[in-house]
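Each chain is listed here by its residues.
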Amino acid sequence: MLLTIRPKAASIEINGDGNRTPNMKEKFSNEFASANAFSTPDLLAWAFDRFHPRLALACSFQAEGSVLIDLVHRQRGSDFRVFTLDTGRLNQETYDCMEAIRARYGIEIEVFFPNATQVEDMVRQHGMNLFYDSIEQRKLCCSVRKVEPLKRALSGLDCWMTGLRREQAVTRNQAQKVEIDHEHGGVVKLNPLADWTGRQIWDYIRQNRIPYNRLHDRGYPSIGCAPCTRAVQAVEDSRAGRWWWEKPETRECGLHVKSA
Ligand code: SF4
């Protein structure tokens, strides 16, 4: 059975079980082309007009997440949704940043944890530090602790928003501001900061004195789980400290996979 809901500009068809049908591209194709050229504030306004409340911002409490939340707060007050994935292996500084942002903006943060049984089975079989043993085991850990919880987080959404930037890594240099995320059932994926530079991010944070993750002050340009992230040298790629023992081409956790 198909149920049709009607946001302001167009209709979105979803199945009776709440899953999206993969037709967002057709429904919004004209708008997507122009939205890709919008300024960041205009893109945010367009997205909330089309998708709120089935839109949420994914935040891992890195500098980009702080900027996005501040930009959205300027338009929406605290009337917007933020979710995060708590892998169980995060740094204390990340929790401190989460709390500072909650207090500053008066927002609730939807926290998704991994499935406890899956984690128990995984560490019983492969140990607590399985990610150092092979790429396959590292990807298994990311799958259990990040990818599966993300699927749950996205299951009730038509649009999710990330802080991904093209400049961050070779794996991200083709990112568009508006994409269809085929890996997650055709949900719309927005990367409003895709064309921002690192310099712009830090200028915004300093000028607006917004809370940010203090690991950035200690040489961490990119922050993930504690055992899989280290500080980098000034000359290194901004994601060189993530899974540093792997080649650059494999250094993604499966949250931002693009199928052909
Ligand atoms: Fe596991 Fe490391 Fe991936 Fe975190 S980043 S989910 S600890 S492999």
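Calculation criteria
Residues numbered from 1 in each chain as written. Predicted model: local features only at pLDDT ≥ 70, side-chain atom pairs only at ≥ 80, totals over all residues. Heavy atoms only, no water. Patch = residues over 30% accessible without salt bridge, like charges linked within 9 Å, V, L, I, M, F, W, Y side chains within 5 Å. Areas by Shrake-Rupley, 256 points an atom, 1.4 Å probe, with all protein chains shown as cover. Salt bridge = Lys/Arg side-chain N within 4 Å of Asp/Glu carboxyl O. Helix = DSSP H or I, 4+ residues; strand = E, 2+ residues; numbered from the N terminus. Buried < 20%, exposed > 50% of the residue type's maximum accessible area, 1.4 Å probe, protein only. Near = heavy atom within 4 Å. Nonpolar A, V, L, I, M, F, W, Y, C, P; charged D, E, K, R; others polar. Right-handed = clockwise from strand over helix to strand, strands pointing away. Pairing = 2+ DSSP bridges. Axes fitted to C-alpha atoms, helices over the stretch in contact; angles between N-to-C directions. Parallel < 35°, antiparallel > 145°, perpendicular 65-115°, else oblique. Contact = heavy atoms within 4.5 Å. Expected span 1.5 Å × (residues − 1). Phe/Tyr/Trp six-rings, centres within 6.5 Å; stacked < 30°, edge-to-face > 60°. Lys NZ or Arg CZ within 6 Å of the ring centre and 35° of its normal.

Caption draft 1: Seen up close, a nonpolar patch on the surface. A contiguous nonpolar patch, built from Y132, W244 and W245 and spanning about 270 Å² of accessible area, is present on the exposed surface. Tracing the backbone through its elements, the reader meets W244 in the segment after α7 (198-208). Note on W244: relative accessible area 31%, which makes it partly exposed.

Caption draft 2: Geometry of the environment of A226. Residue placement: A226 occurs in the segment after α7. Look at A226 and you get partly exposed, because its relative accessible area is 34%. Along the chain, A226 and L90 lie 136 residues apart, while their C-alpha atoms are 5.3 Å from each other.

Caption draft 3: Structural view of the site of the ligand. Residues in close proximity to the ligand include F131, R138, C141, C142, R145, K146, C225, C228 and W243, which together make up its full environment. Per-class residue counts for the shell around the ligand are 6 nonpolar, no polar and 3 charged.

Caption draft 4: View of the pairing of strand β4 (residues 82-85). Every second residue of β4 is oriented toward a common face, with V82 and T84 on one face and F83 and L85 on the other, all of them buried. Chirality of the crossover, the property in question, places the unit of strand β3 (residues 55-58), helix α3 (residues 63-76) and β4 among those that are right-handed. In terms of strand pairing, β4 meets strand β5 (residues 109-112) through 4 bridges, oriented parallel. Among the inter-strand pairings, L85 is bridged to a residue of β5, identified as F112.

Caption draft 5: Broad picture of the packing of α3 against helix α4 (residues 92-105). Axis separation between α3 and α4 bottoms out at 12 Å; the angle between their running directions is 10°. If you check the angle between α3 and α4, you find them roughly parallel. Seen from α3, the contacting residues are S66, I69, D70 and H73; seen from α4, they are C97, I101, R104 and Y105. Along the lines of polarity and charge, the residues of the contact of α3 with α4 split into 4 nonpolar, 2 polar and 2 charged.

Caption draft 6: Layout of the pairing of strand β7 (residues 178-181). What you see with β7 is no split at all: V178 and I180 on one side and E179 and D181 on the other are buried throughout. As judged from the 4 bridges shared by β7 and strand β8 (residues 187-190), these two strands associate in the antiparallel manner. For I180, the partnering residue across the bridge sits in β8 and is V188. Joining the antiparallel neighbours β7 and β8 is a turn of 5 residues, in which G185 adopts a positive phi near 75°.

Caption draft 7: Here's a closer look at helix α2 (residues 40-51). Taking 1.5 Å of rise per residue, 12 residues should cover 16 Å, and α2 covers 16 Å from first to last C-alpha, within 8% of that figure. Turning to α2, its buried residues are T40, L43, L44, W46, A47, F48, R50 and F51.

Caption draft 8: Spotlight on the sheet that holds β4. An order of β5-β4-β3-β6-β8-β7 is seen for the 6 strands of this open sheet, with the pairing classed as mixed. Either end of the sheet is taken by a strand with one partner, and the two such strands are β5 and β7. Neighbour to neighbour, the strand axes of the sheet diverge by 30° on average, direction disregarded. Pairing analysis gives 3 bridges linking β3 to strand β6 (residues 159-161), with the strands arranged parallel. Paired with L57 across the two strands is M161, which belongs to β6.

Caption draft 9: Local environment of the packing of aromatic side chains. Inspection of every chain in the model, using the stated rule, returns 7 aromatic pairs. On the numbers, 6.5 Å between centres and 55° between planes, the contact of Y132 with W244 is tilted. Note that Y132 is positioned in the loop between α5 (116-126) and α6 (135-154) and W244 in the segment after α7, a separation of 112 residues in sequence. Aromatic rings pair up to connect F32, W46 and F51 into one cluster. Seen from the ring of W243, R138 lies directly overhead, with NZ or CZ sitting 4.4 Å from the centre. Positioned over the ring face of W243 is R242, at 5.0 Å from the centre of the ring.

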